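# A closer look at the structure
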Amino acid sequence: MPEQQPEIAEGVASIDRIVHEPARLAILTVLASCERADFLYLERATGLTRGNLSVQMTRLEEAGLIDIEKTIEHKRTLTTASLKFSGRGALEAYWKQMDSLREMARPSLRQVKAVQGGRVSGRVAPACS
Amino acid sequence: MESVLEGSSYNGELQYVTQHFRELQGLQMVPFWMTAIVLSLLEYAHAVTRWQAVTLFLSLVALSIVLAAFVGRWYRRHYGFVAQREERLPSQLISITRTDQRIPKERSKWFVLSLFFVFALMFFPLLLHSYRNYSNFGLLTLIFFVLPKTSLDYARSTSLRRRQILAIGCGVALIIIQIFYDLGHLDRWAFVAASASVLMVGSLYDHWLLKRLLGGPLLEGHHA
């Protein structure tokens, strides 16, 4: 654990904050699973309020990860969003990074769980990789 | 830290509901299953003549198509719109009506094919008594409506696992019904009604699942 801590801290610090935020991650996950989705679907799927969803989508658009398109359908504005190529790349990179962090942190997490479960008493055994 | 690093079943559910959005619109299929059940029960009870049955069949199928389109519009008004990727075509067979403007030609062909196989090829021979081999009905419903639901990658979510288990259960039930029919323990109309009832259970679960996955505020309140 002590040798791994700086690596883990470094890994956590380098996480893409735009993607990592749960609301934005949910939006990106939905858009990565389809070609295009409208605002109502994103609202339903993520459970975000309209205002919050709008803010998060604008941030993603500003970051160059998604495309937002507004069209008129039956005299109503239909807002749809799709994931850009760069967005898909950012999401894939994010999950790769999370996987490697999970691998690095697994021994320490196991140790923490063991301590919490009362299986380890007294001195905490050093983590082994 | 742990919560950050743990993989989330929520993301899996989001992926699943988005990828299967149309096939989870189970209420679209209910009018068709109801048609099969009503018609079968009327025939079983000898309540209608042959030509009355044919007329009733055509009317009920037409009504089902209209109802399915109406239900499709209701789904769109309540849950929005998702344009799905074309590579998932075979598992999209379940959703046979689409209300959006972007109907790909390939999917329309599947729609016509599935409708043709399940209703025309199966029901007309049954109604006209000109064909004794009905085993295709069970096989086709199994291929078109049950098998796509049994493939599932997101085993972490209980609701999704339940859908898979239910689909397997429906598949087994359809096979058992088929065997009973082939062995002569079941009247052909009872066979059709039983098969349609099993399929309707699957469709109703799909609707419930869609409502559950798209119904609640999962993120709001935790993260603004």
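Residues numbered from 1 in each chain as written. Chains lettered and ligands numbered in written order. Predicted model: local features only at pLDDT ≥ 70, side-chain atom pairs only at ≥ 80, totals over all residues.

## So, the nonpolar core
To be explicit about the condition: Note on definitions: a nonpolar core is a set of buried residues drawn from Ala, Val, Leu, Ile, Met, Phe, Trp, Tyr and Cys, linked by C-beta atoms within 7 Å. Using C-beta atoms placed from the backbone, we call a residue buried if 20 or more other C-beta atoms fall within 10 Å of its own, exposed if 12 or fewer do, and partly exposed for counts in between. Each helix is a run of H or I in the DSSP string that is no shorter than four residues. Each strand is a run of E no shorter than two, and both are numbered from the N terminus. For the purpose of contact definition, each residue receives a C-beta atom placed from its backbone, and two residues are in contact when these atoms lie within 7 Å.
Formed by 40 residues in total, the largest nonpolar core has its most connected members in Ile27, Val30, Leu31, Ala37, Tyr41 and Leu42 of chain A together with Val17 of chain B. Elements supplying a minimum of two residues to this core: helix H3 (22-32), helix H4 (39-46), helix H5 (50-62) and strand S3 (76-83) of chain A together with helix H2 (9-19), helix H4 (50-79) and helix H8 (188-213) of chain B. Of the residues forming this core, the biggest block, 7 residues, is contributed by H3 of chain A. What Ile27 of chain A contacts, discounting residues up to four positions off in sequence, is Leu42, Thr46, Gln56, Met57 and Leu60 of chain A. Judged by nonpolar contacts, the second largest core, of 20 residues, contains Phe32, Ile177, Ala194 and Leu199 of chain B.

## What about the confidence of the model for chain A?
Which entries qualify depends on this criterion: The quantity known as pLDDT measures the predictor's confidence residue by residue, on a range of 0 to 100.
This prediction gives chain A a mean pLDDT of 81; 84% of its residues lie at or above 70. Note that residues 120-129 of chain A has pLDDT below 50 and, in this model, 14 contacts with residues that lie over four places away or in other chains.

## Comments concerning the confidence of the model for chain B
All names here are of chain B. The predicted model of chain B averages 74 in pLDDT, with 63% of residues at 70 or higher. The low-confidence segment residues 88-103 (pLDDT under 50) makes 38 contacts with residues lying over four places distant or belonging to another chain. The low-confidence segment residues 217-224, where pLDDT is below 50, has 18 contacts with residues more than four positions distant or belonging to other chains. Our summary of model confidence lists the complex with pTM equal to 0.73 and ipTM equal to 0.75.

## Here's the deal with the packing of helix H3 (residues 30-44) of chain B against H4 of chain B
All names here are of chain B. For the record, the criterion: All axes here are fitted lines through C-alpha atoms, helices being fitted over the stretch that makes contact, and every angle between N-to-C directions spans 0 to 180 degrees. Between 65 and 115 degrees an angle is taken as roughly perpendicular, under 35 as roughly parallel, over 145 as roughly antiparallel, and anywhere else as oblique. Crossing handedness follows the turn of the near helix against the far one: under a right angle anticlockwise gives a left-handed crossing, and clockwise gives a right-handed one.
Taken N-terminus to C-terminus, the directions of H3 and H4 make an angle of 160°; their axes are 9 Å apart at the nearest point. By the angle between their axes, H3 is roughly antiparallel relative to H4. Every pair of crossing elements has a handedness; the one defined by H3 and H4 is right-handed. On H4, the residues that touch Pro31, Phe32, Thr35, Val38, Leu39, Leu42 and Glu43 of H3 are Ala53, Leu56, Phe57, Leu60, Val61, Leu63, Ser64, Leu67 and Ala68.

## Things to note about the pairing of S3 of chain A
Residue and element names in this part refer to chain A. Basically, it comes down to this: Strands qualify as paired when DSSP identifies two bridges or more between them.
Bridge count between strand S1 (residues 36-38) and S3: 2 bridges; the pairing is antiparallel. Counted as the bridge partner of Ala37 is Ala81 from S3. Between the end of strand S2 (residues 66-73) and the start of S3, which pair antiparallel, lie 2 residues, with His74 showing a positive phi angle near 50°.

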